[in-house]
Amino acid sequence: MEETCFAAESQQIEVHSSNNNQRSDDTVECSGSPLSQKIAPRWDPEEACRPVIDDAPVFYPTVEEFEDTVGYIAKIWPQAESYGICRIVPPRSWIPPCLLREKHMWENAKFSTRVQQVDLLQNRESMKKKTRGRKRKRRRHSKRRGEANAASETDEKFGFQSGSDFTFTEFQRHALTFKDSYFGTHERKEGPNSGGTNNKRWELSVEDIEGEYWRIVEQPTDEVEVDYGADLETGVFGSGFPKASSIGTKSDSDIYAMSGWNLNNLPRLPGSVLCFEESDISGVLVPWLYVGMCFSSFCWHVEDHHLYSLNYLHFGDPKVWYGVPGSRATSLEQTMRKHLPDLFEEQPDLLNELVTQLSPSVLKSEGVPVHRVVQHSGEFVLTFPRAYHAGFNCGFNCAEAVNVAPVDWLQHGQTAVELYSKQCRKTSLSHDKLLLQSALEAVQVLGEISLGKKLTSNQNWQKVCGKDGVLTKAVKRRVDMEEERLDRLPICWKSQKMERDFDSNTERECFSCFYDLHLSAASCNCSPDRFSCLKHARHFCSCEKTQRYILLRYTVEELNMLVKALEGELAAIHAWASKDSEVVSIDCTSRFAVKKPKLDQACDPMEIVPDYPVVENKVNRIGSCSSSSHDSSAVVQSGSQDDQTGDQSLVVNAEPKMEHDCSFDLNLNCTSDENESKIIDVSDVCDNKASTIEEDISTSMSNQEKASTSESNKLFGVDLGLSRPVSNIAPISSSETETTDTSAVNASMRQQSNQLRRLSLVEPLNFGSVMTGKYWCTKHAMYPKGFRSRIKFFSVLDPTKLCSYISEVLDAGLLGPLFKVSLEECPGESFANVSADKCWEMVLNKLNSEISRRSSLGERGLPPLQSLQSINGFAMFGFLSQPIVEAIEDLDPNHQCTE
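All residue numbers refer to positions counted from 1 along the written sequence of the respective chain. Residues qualify for local features only when their pLDDT is at least 70, as the model is predicted, and side-chain atom pairs are given and counted only at 80 or more; totals for whole chains, interfaces and linings, by contrast, use all residues. Based on all heavy atoms of the structure, the side-chain values leave hydrogens and waters out of the count.

Draft legend 1. Fine view of the overall build of the protein chain. Where helices and strands are cited, they refer to DSSP runs of H or I of at least four residues and of E of at least two residues respectively, numbered from the N terminus. Scanning the protein chain for helices and strands turns up 27 helices and 29 strands. A simple rule labels every residue: compare its accessible area, found with a 1.4 Å probe on the protein chains alone, to the largest value its type can have, and call it buried under 20%, exposed over 50%, or partly exposed in between. Here the protein chain, with 899 residues, has 55% of them falling under the buried criterion. Should any heavy atoms of two residues lie within 4.5 Å, those residues are considered in contact. In the protein chain, of all internal contacts separated by at least 6 residues, the share reaching a separation of at least 24 is 77%. Using a 1.4 Å probe, the Shrake-Rupley method yields the accessible areas, and only the shown protein chains count as cover for residues. Here the protein chain has roughly 38600 Å² of accessible surface; of this, 49% comes from carbon and sulfur atoms.

Pasting the structure below:
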C-alpha cells in the first residue's frame, strides 16, 4: 500500500460484506448512548419506516443439485441475476458443524469490533460543514480506546472507529442486553408494575426490527451506536467450517470439509476462475467472519472486481439484505449522489468507503429496483456481479463470506478493472492472468477432445467455448481492446517479448492508474523498474521516443490465434494445446522448448559484472518478416552458444505460413545515437538478421561473463548489478578487455558489500510500549508503539553516500501499527506502510530510481541497483536482532501478546 492511502484506508478496512467498528464496553457513556446503562426503551412501533419492497427469489436445491456448487450457481443465474441477490436454502440433510461454537473458541477466542453510529449512516453533515461545537460534542460522547489524534482523523473523514475485543460469550451477552434494553422487552418481561399482556415477553419480529432500523437511519432523534465484529480473517481467527481431517479415517465432518459449499473450498472449485489465483487474498479467496448484534450494518457496496459473493449464516438471529441488480448499479450511484450531494462533494469515492446507507424507499422512488432477502441460520445468500447490496443484523449472529468467479464473471471483471483504472484505484488480483489461464485451460480441454484423449481437466470448459461461448467473448473483447491500444502508440516504439516471470514475484501495475500489467506494459530506458499501461504510455516521461519500449506477453497475432482456438479451429487448437509450449509462434508453425541457461560452475553466479553491454539473459526470437522463417516467438535462454541457436523440435505444420510485416527488437534498451551503429536494431531488418545479431553478441562475451549474468541477477535485460543503464555504455568488442574490467569491478563490489554488512547494525533508540490487540503482535515479532531504531544504508538522496535511517512504529488506529522509515538528516524524506517489509521495499525502490537517474546522466561511483531480496525489512527495523527482541519481550512480563 502506498503511504498516501493510509488516511482513507483507516476508514475502510472492510472489502466485501460490511463496514464495522467498536468501542470499549467498560467505557462510561453519556446519557445519549444506547450502551451507557439500563436505558429506557425508545422503540415506538407507530414510527416504523419499513420499506415496501418485494422479496428476492429463494431457491431450494435437491440433494443431487447441491452436489455441484458452481454448476448450481450457473443454473439459477437466469432466474436470479436480474434481482442482484437471492437466498439458497440447503437440503435439510446438510447440517455442517460450526467449529466456532466449540467451548475453547466460544469462551476464549477474542475478536475485534468496530463502533457504528447508526443514526449517521444516511443523515449526517459533511465533515467540513460540521460546527466545532458539534465536533466537540461527538468526541465527548464517544470516549473510546483510540487516542486524541485518532479522534481528529475521524473529524476529517467519517468512518467506523475501533472498539473493544470480545469473546463470543461476552459479545452475546452484550448484544442481548442492548436489544432487550432498546426495545423494552426486558422491562416488559421483568417490570414489577407491569400487568396483563405486558407481563409477557414481547416477541419481536423481523418486520418490527426492520421498521425501527430504517426509522433510526432516515429520521434519527438521538445517537444509536452498536458494535460489529466484521472482516475477521478466518486464516487467523479460524473458520466456522471444518477442514479436511489429517487422520486417515473418515468422519462426518469430513463430508462437510470437502463440500463445495464449504466457503474455504468455494473460490477455487473447478469452474471458478479464481482457481488460477495463487495468492490467498484475504476476504476474496480466504473467507471473512462477521459477528453481529442488532442494527449492526453493512452499507451499500459492490464486491471487489465485481465478483460473486456467497454468505453463510452459521447461527443466531436473521440478517436482512437488500439488493440492486448489476444492470442498475449506475442508477443507484446517481440516486445516492442526488440525495447526498454534500457527502459526495466532499468524498467523490464515498461508495468505496462502505459507510453510507440510503433507504430502499428512496431508491424505489427514483425507479431503482430493490429487493429484500431475510437470511436465517443455516442459509446462504448469493450476490451477483456488480450488484449493490446492503443490510443489517436483527441481533446476535455469526456469518462467513467469500467470493467466487464462475466463467461468466469474466466479462464483469473486465468492466471492473477498466473502471478501477479510471478511478486510479488499486486492484486486488490480476484479471488478465485469470482470463488467459482460463483460456489456456479451455484450449487444453479442446485439444484433448479433438485427439480423442481421456480428459484430464474439467470438461465443462467446452461449454464456455465456441463462437458464442462466454469465455470466447471475454477473450475476444480483451484482445480487441489490446489491439486498439497498441494501434494508438507511435509505430517507431520498439516492442519486446515480456519475460515469462515478469509479474510472478512482484506486482506490476501502471504508475499512473494502477492497471494490472500482466498482458502488456510500457517503459523507458530512463526508468527500467517503472512501468505504465498502454493507455498511459505516452505520459510515462519526456524522453525521446527512441528510448521507449513495449513489453508484450503475447503478440496480437498470437492472441487472435487464441481466439480462433476457443472458437474451435483445429489448427489453432493444436498450436496452443501442447503442455510443453509456453508461447506459440506468430504463424503457429513451430515452437521452441524453453531451456535453462547452463552456468559455468567455475564462476560464482551471484557475482555482478557491470561495465559492458549485457543483452537480456532471455533472448526473444520472433518470426521474421519473411514467410519462410521458422523462428519462434518463444522465450529462449541465452546461457550458451548452443542455447541461443534454440532447440527446434516438434514442428506443427498446421496450415500454410502467414505473411507478417513486424518483428521484435532483441535489445530491450534503446541505444544512443552514437552507439546505434554498433548494436543492430532488429526492428529495422528482416529474415536471418536475428541469428546474425545473436552471433555478434555471443562472440563479444566470454563464457565467464555469460555465467555471471545469471537469471537471478537480471531483469528484462538489465543487470541488477549495473552501475548505470546498458543503453549508455558503449559496446566493447574485445573479450579480453571485458574480462579485465569485470574482475576489477567484482573486487570493488565485494568490498562495498562487506562494508555494507559491517555498517548494517541496528541501534535501538527507544523500545516504546507494548500494545495488545490485533496487528500489534504477529508470529514474527511484537511491535511496540513508539519503537525507534537507527541503521546505516545508502542514501536515497545521494546513493554514493551512506546515511542514517530512523525506523519507527507509530499508531495507525484501525490499521494497528504504522511503520515509518525516514532519513535522519532529512526527516521530510520518509516512507510509511502497514508492513515493515513494504516500508523498506519503498526505500529500495526510491534508491534504485535515484541510481538509475544518475546512471543515465553518466555519473560514476554509484552502488549497484539493489534487489528486493538484498535486505529484510524486519531486520532493518531490528526485529530480528536478539538483544532488541529480548528487550521488547521484557516489556511484556505478563505475556499479553500471545503470538
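This is not the end of the story, as more comes after the structure.
Draft legend 2. Inspection of the packing of helix 7 (residues 168-183) against helix 9 (residues 206-218) at higher detail. Only the contacting stretch of a helix is used when fitting its axis, a line to C-alpha atoms as for every element, and angles between N-to-C directions run 0 to 180 degrees. In the contact formed by helix 7 and helix 9, the axes pass within 13 Å of each other and the chain directions differ by 85 degrees. The orientation of helix 7 relative to helix 9 falls into the category roughly perpendicular. In contact with K179, Y182 and F183 of helix 7, helix 9 contributes I209, E212, R215 and I216. Of the residues in the contact of helix 7 with helix 9, the class split is 4 nonpolar, no polar and 3 charged. Angles below 35 degrees are treated as roughly parallel, those above 145 as roughly antiparallel, those between 65 and 115 as roughly perpendicular, and all remaining angles as oblique. Residues were grouped as follows: Ala, Val, Leu, Ile, Met, Phe, Trp, Tyr, Cys and Pro as nonpolar; Asp, Glu, Lys and Arg as charged; and all remaining residues, including Gly, as polar.

Draft legend 3. Here's a closer look at the side chain of S181. Its location among the elements puts S181 in helix 7. On the accessibility criterion, S181 (6% relative accessible area) is buried. A distance of 2.8 Å separates a polar atom in the side chain of S181 from the backbone oxygen of T177. Polar contacts, as used here, are pairs of N or O atoms within 3.5 Å; protein pairs need one atom able to donate a hydrogen and one able to accept it. Residues neighboring in sequence count only if both atoms are side-chain atoms.

Draft legend 4. Quick look at the nonpolar core. The set of buried Ala, Val, Leu, Ile, Met, Phe, Trp, Tyr and Cys residues whose side-chain atoms join them within 4.5 Å is what this entry labels a nonpolar core. Membership of the largest hydrophobic core comes to 64 residues, with the highest contact counts inside it found for V118, F168, F295 and W300. When sequence neighbours within four positions are dropped, the list of residues in contact with V118 reads Y213, I216, V217, V224, V226 and F295.

Draft legend 5. Structural context of the sheet that holds strand 17 (residues 527-532). Two strands make a pair as long as DSSP finds a minimum of two bridges between them. Taking strand neighbours across the sheet as the criterion, the 4 strands line up as 15-18-16-17 in an open arrangement whose pairing is mixed. In this open sheet, the two edge strands, each paired with only one partner strand, are strand 15 (494-497) and strand 17. Here the strands of the sheet are splayed against their neighbours by 35 degrees on average, with no regard to which way each runs. Here strand 16 (residues 520-524) pairs with strand 18 (residues 548-552) via 5 bridges, running antiparallel. Residue pairing in the sheet places S520 in a bridge with L552 of strand 18.

Draft legend 6. Up close: the packing of helix 16 (residues 409-422) against helix 17 (residues 431-450). At a minimum axis distance of 10 Å, the contact between helix 16 and helix 17 shows a crossing angle of 155 degrees. Between helix 16 and helix 17, the angle falls in the class roughly antiparallel. The hand of the helix 16/helix 17 crossing is left-handed. On helix 17, the residues that touch W409, L410, G413, Q414 and V417 of helix 16 are H431, D432, L434, L435 and S438. For the contact of helix 16 with helix 17, a count of residues per class yields 5 nonpolar, 4 polar and 1 charged. Crossings are classed by handedness, with left-handed meaning an anticlockwise turn of the near helix from the far one by less than a right angle and right-handed meaning a clockwise turn.

Draft legend 7. View of the pairing of strand 8 (residues 297-301). With 5 of its 5 residues buried, strand 8 lies for the most part within the structure. As defined by bridge partners, strand 8 adjoins strand 13 (residues 388-393) across 3 bridges and the pair is classed as antiparallel. Across the sheet, S297 pairs through a bridge with F392, a residue of strand 13.

Draft legend 8. Here's a closer look at the pattern of salt bridges. The rule for a salt bridge is simple: a side-chain nitrogen of Lys or Arg has to be within 4 Å of a carboxyl oxygen of Asp or Glu. The full count for this structure, using the stated rule, is 34 salt bridges. E763 is paired through a salt bridge with R790; the nearest N and O atoms lie 2.9 Å apart. With E763 in strand 25 (residues 763-766) and R790 in strand 26 (residues 788-794), the pair connects residues that are 27 residues apart, well separated along the chain. Given a relative accessible area of 38%, E763 falls into the partly exposed group. For R788, the salt bridge identified is with E808, shortest N-O distance 3.6 Å. Placement of the pair is R788 in strand 26 and E808 in strand 27 (residues 802-811), with a sequence separation of 20 residues. Among the residues examined, E808 registers a relative accessible area of 15% and is labelled buried. Linked through salt bridges whose partners overlap, the residues forming this network are D798, K801, E850, R853, R854 and E859.

Draft legend 9. Examining the packing of aromatic side chains more closely. A pair of aromatic rings is counted whenever rings of Phe, Tyr or Trp (Trp by its six-membered ring) have centres within 6.5 Å, and the orientation is called stacked for planes under 30 degrees apart, edge-to-face for over 60 and tilted otherwise. Under the criterion given, the structure shown has 48 aromatic pairs. Ring centres of Y182 and F183 lie 5.2 Å apart, and the angle between their planes is 65 degrees; on these two criteria the pair is classed as edge-to-face. Among the residues examined, Y182 registers a relative accessible area of 0% and is labelled buried. Counting every residue linked through ring pairs, the aromatic cluster contains F66, Y72, W94, F241, Y256, W261, Y312 and F380. Placement of a charge over a ring requires the Lys NZ or Arg CZ to be within 6 Å of the ring centre, with the centre-to-atom vector within 35 degrees of the ring normal. The ring of F315 has R101 lying over it, and the distance from NZ or CZ to the ring centre is 4.5 Å.

Draft legend 10. Region of interest: helix 3 (residues 69-80). Expected helix span is given by 1.5 Å per residue-to-residue step, counting one fewer step than there are residues. Over its 12 residues, helix 3 runs 15 Å from end to end, which matches the ideal 16 Å to within 8%, given 1.5 Å per residue. Restricting attention to buried positions, one finds in helix 3 the residues T69, V70, Y72, I73, I76 and A80. The arc that holds every buried residue of helix 3, seen down its axis, measures 145 degrees, which confines them to one face. Looking at the buried residues of helix 3, the elements they touch are strand 2 (58-59), helix 2 (63-66), strand 3 (85-88), strand 9 (308-316), strand 12 (380-383) and strand 14 (397-404). The directions from the helix axis to the C-beta atoms are what the arc is built from.

Draft legend 11. Representation of the pairing of strand 14 in the model. Among the 8 residues of strand 14, 8 are classified as buried, and the element is accordingly described as predominantly covered. Alternating positions in strand 14 separate into two faces, N397, A399, A401 and N403 on one and C398, E400, V402 and V404 on the other, with burial throughout. Bridge analysis of strand 7 (residues 288-292) against strand 14 gives 5 bridges, and the strand direction is antiparallel. Its bridge partner being in strand 14, L289 is matched across the sheet by E400. Two strands pair when backbone bridges link them, and strand 9 and strand 14 are joined in this way by 8 bridges, in the antiparallel orientation.

Draft legend 12. Representation of the sheet that holds strand 7. Taken in spatial order, the 9 strands of this open sheet run 2-3-12-9-14-7-6-4-5, and their pairing is mixed. Pairing within the sheet leaves two strands with one partner each, and these edge strands are strand 2 and strand 5 (161-166). The strands touched by helix 3 within the sheet are strand 2, strand 3, strand 9, strand 12 and strand 14, with strand 3 carrying the most contacts at an inclination of about 130 degrees.

Draft legend 13. The arrangement of unusual backbone geometry in detail. Phi is positive for D231, close to 55 degrees, though the residue is something other than glycine. Structurally, D231 can be placed in strand 6 (residues 225-233). Judged by its relative accessible area of 5%, D231 falls in the buried class. Here the phi dihedral of H306 falls at roughly 55 degrees; this positive angle occurs in a residue that is not glycine.

Draft legend 14. Summary view of the environment of S856. You can see S856 is positioned in helix 25 (residues 836-856). Since its relative accessible area comes to 31%, S856 is described here as partly exposed. It is 8.4 Å that separates the C-alpha atoms of S856 and N525, two residues lying 331 residues apart in sequence. A polar side-chain atom of S856 sits 2.5 Å from the main-chain carbonyl oxygen of R853.

Draft legend 15. View of the confidence of the model for the protein chain. Per-residue confidence from the predictor is reported as pLDDT, a score between 0 and 100. For the protein chain, per-residue confidence averages 74 on the pLDDT scale, and residues scoring 70 or more make up 68% of the total. Within the model, pLDDT remains below 50 along residues 131-155, and this stretch shows 36 contacts once partners closer than five positions in the same chain are excluded. Contacts of residues 187-201 to residues separated by more than four positions or lying in other chains number 18 contacts, the stretch itself having pLDDT below 50.

Draft legend 16. Helix 19 (residues 556-567), seen in detail. The terminal C-alpha atoms of helix 19 lie 17 Å apart, and with 12 residues this matches the ideal 16 Å at 1.5 Å per residue to within 8%. When helix 19 is considered as a whole, its buried residues turn out to be V556, E558, L559, M561, L562, V563, A565 and L566. G568 sits one or two residues past helix 19 and shows a positive phi near 115 degrees.

Draft legend 17. Structural context of the environment of G326. Along the chain, the position of G326 falls in the loop between strand 10 (319-324) and helix 12 (329-339). In the structure, G326 is positioned 61 residues away from A387 in sequence and 4.0 Å away in space, judged by C-alpha atoms. Beyond its immediate sequence surroundings of up to four residues, G326 is in contact with P385, R386 and A387.

Draft legend 18. Expanded view of the environment of C492. In this fold, C492 is placed in the loop between helix 18 (470-487) and strand 15. Look at C492 and you get partly exposed, because its relative accessible area is 44%. Remark: the alpha-carbon pair of C492 and T546, spanning 54 residues in sequence, is separated by 7.3 Å.

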